[in-house]
Amino acid sequence: MEMCCYQCEQGSEFRSCAVVGRCGKEPDCAALQDIIVHQVRVLAWYVRQQHNDPSPFMSLIYDSLYATVTNVDFSTDRLIGIVDQLNAAINRVKTAAIPPCGLIIIESLDLADLMNIAQYHTIAGRRGKFGDSVAGLQELILYGIKGLASYLYHVLDLGYSSERIDSGVIETLAFLAAEPSDPDQLIPMALRVGELNYTAMDNLDRAHTETFGHPAPTTVRTTPMLGKAILVSGHNLHDLDLLLKQTADKDINVYTHGEMLPALAYPHFQRYPHLVGNYGGSWQEQQREFADFPGPILMTTNCIQPPVEAYADRIYTAGPVAWPGVIHIGDDKDFSPVIAAAQSMPGFTHTQPVHDIIIGFAHHTVSIMADQIAGLINDGRIRHIFLIGGCDGAGPGRSYFTELAKAVPQDCIIMTMACGKYRFNKREFGSIAGIPRLLDIGQCNDTYSAIRIALVLADKLNCTVNELPLSIMFSWYEQKAVSILLTMLYLGMKNIKLGPTLPAFITPDIMAILTESFNLTAVSTASVDLEAALHSHLCS
């Protein structure tokens, strides 16, 4: 069976993965994910049609959508289980009415039978039915909802919820189930998803800070220490907290990796002396970095790569992420297998020389500094602020972001978040009047902080966000980045540079609309974009 997937940057430039995903996704997984997306739409359509309370279904909907995000769930067994749960939920609410997108009756969970069903519900089918631009706008909305679902997974994990967001998600999915084809309806709905995602990120920020405290500037060790070790990757701060509690007094050092780095800036996590630092860099380096790490690895969410032989027997998954043959930690979050593996391995045999970086410049901290930053801008000592953030990836075009950061003049500040920062975050950038020139805001989940910072500075400087001496160079890879982009567009933020390549689902027709409305453009070269940025966005 052929597959058709173009939801991430690896399938960009109007290409799709048609044989096997460059992420490692096999056609059977892609087909099951297509069924899951269809069934989620159907479930939402019935819930909305009957005006049912959506709350009993939301955890299943968010978990299901998160499983279809790039680099998350590669296990056919787990995906079939999700299909079964969705089918049961639909049977609880369905009526004689049939959604415009059709209704699948799942009578068999046999993989071959499911593959036959899936061929009628692919992206390729929607492109053939509606054309590339309409299908692309439908997918833009869907990918925004997928990214939003990933944030809400963490919100629910920490015991928070929002009826307003839940209702909005049901409305959006039901809208997609009706197979809309009018761009005049699709584009406003995409911005509506941006609005919902803004609220979701606000809720996630509140869940994190009320649970773990406000991040504060923190010096983080990036070189290993003598002793047994566990490496934690992904995004889930709650899982990290549970692991740290279970490893207390066990003489095991715990290291963050990738998007877990910002955890080290939260006051709550600084209570754990055995959380000793960060190891490695971004997700796409994990096959090399995990192979060299002398202990077990715990993946708490995306972004998992196909495990290689060097560590395949000592990587563990939890929550939404899964890989065939890899031990999955259940919902009880008993990390005993991970701990036992760490105790059986030698760990690091010596302590390496110290190398530190500084993190923890989320909105709470930068808001305290806002008067000083605004004063430095008014005095001309800070000429410009560059927000260089987003997803990292393996493509050669991502050198753009490294070149840009290196070329930013000494009288300018760089704000950064998400794993794209690993392109340059270990470089020495210095400071301006005591303000570090590199302000690490946090995870991709912390983009809300970047937006809050921009709004605060605009208020201090008595101008709009678009008039700030601020340029946004946004690096995208998967659906979380899509939801963030939609949020920025919903807020009216203009002149964003998107790279390293444009999404395949954003056709030239769609891009023309976004360029006209928001001046959203593709990145050019670092030198050209830098020069243009330095002569724009001046407060009046």
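Residues numbered from 1 in each chain as written. Predicted model: local features only at pLDDT ≥ 70, side-chain atom pairs only at ≥ 80, totals over all residues. Heavy atoms only, no water.

**Regarding the overall build of the protein chain**
Working step 1: Tallying secondary structure elements over the protein chain gives 17 helices and 16 strands in all.
Working step 2: Against the 2.2 N^0.38 benchmark of 24 Å for 540 residues, the protein chain shows a C-alpha radius of gyration of 23 Å, consistent with a compact globule.
Working step 3: Taking the principal axes of the C-alpha coordinates as reference, the protein chain spans close to 70 × 60 × 40 Å.
Working step 4: A burial count over the protein chain gives 63% of its 540 residues as buried.
Working step 5: Partitioning the contacts of the protein chain with sequence separation of at least 6, the portion at a separation of at least 24 is 76%. (Helix = DSSP H or I, 4+ residues; strand = E, 2+ residues; numbered from the N terminus. Rg over C-alpha atoms; globule rule 2.2 N^0.38 Å. Buried < 20%, exposed > 50% of the residue type's maximum accessible area, 1.4 Å probe, protein only. Contact = heavy atoms within 4.5 Å.)

**Details of the sheet that holds strand β4 (residues 275–278)**
Working step 1: Pairing within the open sheet is parallel, and its six strands lie in the order β4-β3-β2-β5-β6-β7. The open sheet has two edge strands, β4 and β7 (327–329), and neither has a second partner. Averaged over neighbouring strand pairs, the angle between their axes works out to 30° when direction is ignored.
Working step 2: Examined bridge by bridge, strand β2 (residues 228–233) and strand β5 (residues 297–299) share three bridges and lie parallel to one another. Counterpart to L231 in the pairing with β5 is I297.
Working step 3: Taken strand by strand, helix α11 (residues 336–344) contacts β2, β3 (252–256), β6 (315–318) and β7, and its axis lies near 140° from that of β2. (Pairing = 2+ DSSP bridges. Axes fitted to C-alpha atoms, helices over the stretch in contact; angles between N-to-C directions.)

**A short note on a negative patch on the surface**
Working step 1: A cluster of like negative charges, contributed by D63, D331, D332 and D334, occupies part of the molecular surface.
Working step 2: For D332, the position within the fold is in the loop between β7 and α11.
Working step 3: The class of D332 is exposed, set by a relative accessible area of 60%. (Patch = residues over 30% accessible without salt bridge, like charges linked within 9 Å, V, L, I, M, F, W, Y side chains within 5 Å. Areas by Shrake-Rupley, 256 points an atom, 1.4 Å probe, with all protein chains shown as cover. Salt bridge = Lys/Arg side-chain N within 4 Å of Asp/Glu carboxyl O. Lys, Arg positive; Asp, Glu negative; His and termini not counted. Charge placed at Lys NZ, Arg CZ, Asp CG, Glu CD.)

**A short note on the pattern of salt bridges**
Working step 1: Following the criterion strictly, the structure yields 17 salt bridges and no others.
Working step 2: Of the charged contacts in the structure, one is a salt bridge between E195 and R192, with a shortest N-O distance of 3.3 Å. Here the residue E195 and the residue R192 both occupy positions in helix α8 (residues 183–212), the gap between them amounting to three residues, near one helical turn.
Working step 3: Judged by relative accessible area, R192 falls into the partly exposed class, the value being 22%.
Working step 4: Ionic pairing is found between R288 and E285, a salt bridge with its closest N-O pair at 3.2 Å.
Working step 5: E285 sits in the partly exposed class, given a relative accessible area of 30%.
Working step 6: Overlapping salt bridges bring together R164, E171, R192 and E195 as one network.

**Topic: the packing of helix α2 (residues 55–67) against helix α3 (residues 76–93)**
Working step 1: Where α2 contacts α3, the axes come no closer than 11 Å and their chain directions differ by 145°. Between α2 and α3 lies a crossing whose hand is left-handed. Of α3, the residues touching α2 (which contributes P56, F57, L60, S64 and A67) are L79, I82, Q85, L86, A89, R92 and V93.
Working step 2: Of the residues contributing to the contact of α2 with α3, the split by class is nine nonpolar, two polar and one charged. (Left-handed = near helix turned anticlockwise from the far one by under 90°. Nonpolar A, V, L, I, M, F, W, Y, C, P; charged D, E, K, R; others polar.)

**Some details on the environment of Q39**
Working step 1: As for its position among the elements, Q39 is in helix α1 (residues 27–49).
Working step 2: On the basis of relative accessibility, which here comes to 0%, the residue Q39 falls in the buried class.
Working step 3: Along the backbone, Q39 and Q479 are 440 residues apart, and their C-alpha atoms lie at a distance of 19 Å.
Working step 4: Here Q39 is in contact with L86, N87, I90, I104 and I106, once residues within four sequence places are set aside.

**A closer look at the sheet that holds strand β13 (residues 438–442)**
Working step 1: Read across the sheet, six strands follow the order β13-β10-β9-β14-β15-β16 without closing on themselves; strand pairing throughout is parallel. Strands at the two margins of the open sheet, each flanked by one partner only, are β13 and β16 (521–522).
Working step 2: Looking at chain direction, strand β10 (residues 412–417) and β13 are connected through four bridges and run parallel. Note that in β13 the partner of I414 across the bridge is L438.
Working step 3: Here helix α13 (residues 399–407) sits on the sheet in contact with β9 (384–390), β10, β14 (470–475) and β15 (497–499), set at roughly 155° to β14.

**Topic: helix α14 (residues 447–460)**
Working step 1: The end-to-end C-alpha distance of α14 is 20 Å, a good match for the 20 Å that 14 residues give at a rise of 1.5 Å each.
Working step 2: Count one or two residues on from α14 and you reach N462, which has phi positive near 55°. (Expected span 1.5 Å × (residues − 1).)

**Description of the nonpolar core**
Working step 1: In this structure, I61 and F269 are the most contacted members of the largest nonpolar core, which totals 159 residues.
Working step 2: A per-element tally of this core places α1 first, with 13 residues.
Working step 3: Excluding residues within four positions of it along the chain, F269 makes contact with F212, L237, L240, D241, L244, A263 and L275. (Core = buried A, V, L, I, M, F, W, Y, C linked by side-chain atoms within 4.5 Å.)

**A word on unusual backbone geometry**
Note: most residues except glycine have negative phi, and most peptide bonds are trans.
Working step 1: A cis geometry characterises the amide bond from N302 onward to C303, with omega recorded as 25°.
Working step 2: Geometrically, the link from G499 to P500 is a cis peptide bond, its omega value of 5° lying close to zero.
Working step 3: One can find P500 in the loop between β15 and α16 (508–518).
Working step 4: Phi is positive for E179, close to 55°, though the residue is something other than glycine.
Working step 5: Structurally, the position occupied by E179 is in the loop between α7 (163–177) and α8.
Working step 6: Overall, the relative accessible area of 21% leaves E179 in the partly exposed class.
Working step 7: The backbone phi angle of A433 is positive, close to 50°, even though this residue is not glycine.
Working step 8: Relative to the assigned elements, A433 resides in the loop between β11 (431–432) and β12 (435–436).

**What to know about the packing of α7 against α8**
Working step 1: At their nearest, the axes of α7 and α8 sit 10 Å apart, and the two run at 155° to each other. By the angle between their axes, α7 is roughly antiparallel relative to α8. As α7 runs across α8, the sense of the crossing is left-handed. Together, R164, I165, G168, V169, E171, T172 and F175 of α7 and Q185, L186, M189, R192, V193, E195, L196, T199, A200 and N203 of α8 make up the contact between the two elements.
Working step 2: Partitioned by chemical class, the residues of the contact of α7 with α8 number eight nonpolar, five polar and four charged. (Parallel < 35°, antiparallel > 145°, perpendicular 65-115°, else oblique.)

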